[in-house]
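# Results of the structural survey
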Amino acid sequence: MSNGSPAGDDVIVASTSGPLGGEVTVPGAKNSVLKLMAATLLADGRHLLTNVPVIDDVEIMSDLLRAVGLRIEQIAAPAGEVGQHLEIVNTGAITPVAPFEVADRIRASVNLVGPLLTRFGHIDIALPGGDDFGGRPIDMHLRGLEKMGAEFQVTPEGLFGRCGRLQGAAIEFDFPSVGATENIVMAAVLAEGVTVITNAAREPEIVDLCDMLRRMGARIEGAGTDIITVTGVEQSALHAVTHEVVTDRVQAATYMAAVAMCKGDVTVRRANLEHMGMLVERFGEMGVSVTPVEGGARVVCEGGLTSVNVSTLPYPGFATDYKPLVVAMLAMADGTGIVTENLYPGRFRYVEELRKLGAEIDIDGHHAVVRGVGHLRGAIVNAPDIRAGAALVVAGLAAQGITEIRDVHHIDRGYDDIVGRLSSLGASVSRIRRSAGV
Ligand code: EPU
């Protein structure tokens, strides 16, 4: 069920497209499912996740969880559903040691720390890999868990943690970190007493995780607000569940951005606009209408785009994961837009690639100044990470001529058949094995 391999040999070829039309259905969120998979470590039994995207990160996370002792099977989704199902069986026979070769491949491996520690009292895991946006420390995760009684040793080989039963604690984050919130919540589920997380992250994916944990028997209040309270339960109070993964708001935004750049009128099925408020607002200011319809959203763009300024912020602010899409849109818009990155200092590497398409972008510290040039032109570009890769595909559809996107393995980590979905909207895009002579 991989997206296609060896991905390192594949390229995506996009050429001038539009207007786009029809419907596209968005599957579940990568940044939710990876944490839901980790959460199954907490309760024995047969868990079933539905609406799971067919992406490489799910495969890598599956390998990692199999390595610690879970049984995971990918099941084709029944007709009428998107994505796949994951059956995860936890027999309780878990070894909390995650091999370096697998853990190093995925940032979400850090999400195993909370559940493994709280349930088994120790962990031994490689430090997280994943995208390279500059330093991505995990100090908040570790400080929170230390406050609950864990002790850590960080060595070049990885992270070693030990604890007795974790104790509920008052934990205040300096910054609403998504991963740290998820880890502390999962650890607190089996801790003794009450844990109160202040300045917690509020992302829809965190609400999804807390919903699943609650249905597993956890006692959690305040998910979706900046104060989450978890009252620890005994392990015997937890049980396996069936859970549908929340829709991927970043994949939804990608198809909306494609309409914005190629023009058209498209229905994005399963898009949940309640989770995309800031994006809808900015798109509206740029001249892209996004309105709710039964079961999703309608996106219409008929004229040129107008520049806006955008600052990335934790949810409900403008997500950093949308940023490459909006920078690509601004590159074609009328006027100059300033995009400020407040989460990852190093997340501007794709700018060089957009410049190859003719974009005029200057970087000044954590600001990108994007001067709209009206039209982009096709070129050979490299996907530097998941979101930037998707933005380059969309930009390639809007550019004059042919754009070849390389390093598509990055895109495969988080996008479920982006080429098929865009093609179904009428876009000229295909995936080609380079070994086949391209
Ligand atoms: N940070 C710290 N210390 C910590 C934790 C975070 O300094 O202990 C800093 C990070 O270095 C970063 C910022 O805080 O500069 C945000 O980090 P956060 O912990 O919120 O993010 P994350 O959990 O590592 C998740 C998503 C990212 C998404 C961010 C922000 C997953 C697997 N990843 O990362 O998604 O950009 O939240 O919304 O859920 C992607 O999908 O392409 C992606 C990178």
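As the structure is a prediction and not an experimental result, all values here were calculated from the model. (Residues numbered from 1 in each chain as written. Predicted model: local features only at pLDDT ≥ 70, side-chain atom pairs only at ≥ 80, totals over all residues. Heavy atoms only, no water.)

### Thoughts on the confidence of the model for the protein
Our working definition: Known as pLDDT, the predictor's confidence for each residue is given on a scale from 0 to 100. Strands here mean DSSP runs of E at least two residues long; helices mean DSSP runs of H or I at least four residues long; both are numbered from the N terminus. Contacts are assigned to residue pairs that have any heavy atoms within 4.5 Å of one another.
Looking at the protein, pLDDT values average 94 and 95% of them are 70 or higher. Taking the mean pLDDT of every element in the protein, the minimum, 82, falls on helix H3 (residues 100-103) and the maximum, 99, on strand E13 (residues 227-231). Low pLDDT, under 50, characterises residues 1-6; the stretch is placed with 22 contacts to residues that sit more than four places away or in other chains.

### Some thoughts on the sheet that holds strand E16 (residues 289-293)
Note the following rule: DSSP bridges decide pairing: two strands pair if at least two such bridges lie between them. In this analysis, axes come from line fits to C-alpha atoms, helices being fitted only over the stretch in contact, and the angle between any two N-to-C directions falls in the range 0 to 180 degrees.
Read from one edge of the open sheet, 4 strands run E2-E15-E17-E16, paired in mixed fashion. Only two strands of the sheet have a single neighbouring strand rather than two, namely strand E2 (20-25) and E16. Between one strand and the next, the sheet's axes are offset by a mean angle of 15°, whatever the strand orientation. In this sheet, strand E17 (residues 296-301) lies alongside strand E15 (residues 264-269) in antiparallel orientation, the contact comprising 6 bridges. By the bridge assignment, Val-268 is partnered in E17 with Ala-297. Here helix H8 (residues 249-262) sits on the sheet in contact with E2, E15, E16 and E17, set at roughly 175° to E15.

### Here's the deal with the sheet that holds strand E19 (residues 336-340)
Taken together, 4 strands build an open sheet; the order of strands is E18-E19-E21-E20 and the sheet is mixed. The open sheet has two edge strands, strand E18 (310-311) and strand E20 (360-364), and neither has a second partner. Pairing of E19 with strand E21 (residues 367-371), which is carried by 5 bridges, proceeds in the antiparallel orientation. By the bridge assignment, Gly-337 is partnered in E21 with Val-370.

### So, the environment of Gly-164
Basically, it comes down to this: Relative accessible area decides the class of each residue, using a 1.4 Å probe on protein chains only: under 20% of the type maximum gives buried, over 50% gives exposed, and in between gives partly exposed.
Of note, Gly-164 is situated in the loop between strand E9 (158-162) and strand E10 (170-172). For Gly-164, a relative accessible area of 56% gives the class exposed. In this structure, the C-alpha to C-alpha distance between Gly-164 and Ala-297, residues 133 residues apart in sequence, is 48 Å.

### Some thoughts on the pairing of E9
One ladder, built from 4 bridges, connects strand E7 (residues 122-125) with E9; its direction is antiparallel. Note on E9: the bridge partner recorded for His-122 is Arg-162. For strand E8 (residues 151-155) and E9, the ladder comprises 5 bridges, and the chain directions are antiparallel. Following the sheet pairing, Phe-152 is matched in E9 by Gly-161.

### Thoughts on the domain arrangement of the protein
Applicable threshold: Note that the domain bounds were set by an automatic or database domain assignment. The term buried area refers to how much accessible surface (probe radius 1.4 Å) is lost by two components on association, counted for both of them together. The salt bridge criterion pairs a side-chain nitrogen of Lys or Arg with a carboxyl oxygen of Asp or Glu, the two atoms within 4 Å. Definition of a polar contact: a pair of N or O atoms within 3.5 Å, with one able to donate and the other able to accept a hydrogen when the atoms are protein atoms, and with sequence-neighbouring residues admitted only if both atoms are side-chain atoms. Any residue that is not Ala, Val, Leu, Ile, Met, Phe, Trp, Tyr, Cys, Pro, Asp, Glu, Lys or Arg is counted as polar, Gly included; the first ten are nonpolar and the last four charged.
For the protein, the domain assignment lists domain 1 (7-26 + 247-433) and domain 2 (30-244). Here domain 1 and domain 2 have C-alpha centroids that lie 30 Å from each other. Contact with domain 1, which involves 27 residues of that partner, is made by 22 residues of domain 2. Three residues, Tyr-315, Arg-413 and Asp-416, lead the burial of domain 1 against domain 2; their summed loss comes to 30% of the area buried on that side. In this structure, the connection of domain 1 to domain 2 is made through 3 salt bridges. Here Glu-205 makes a salt bridge to Arg-249, at a shortest N to O gap of 2.8 Å. Here domain 1 is connected to domain 2 by 7 residue pairs in polar contact (both at pLDDT 80 or more). For the side of domain 1 that touches domain 2, the secondary-structure elements that each account for two or more residues are H8, helix H12 (386-398) and helix H13 (409-414). A total of 3 residues in the side of domain 1 that touches domain 2 trace back to one element, the largest contributor, which is H13. Among the residues making up the side of domain 1 that touches domain 2, the classes are represented as 9 nonpolar, 6 polar and 12 charged.

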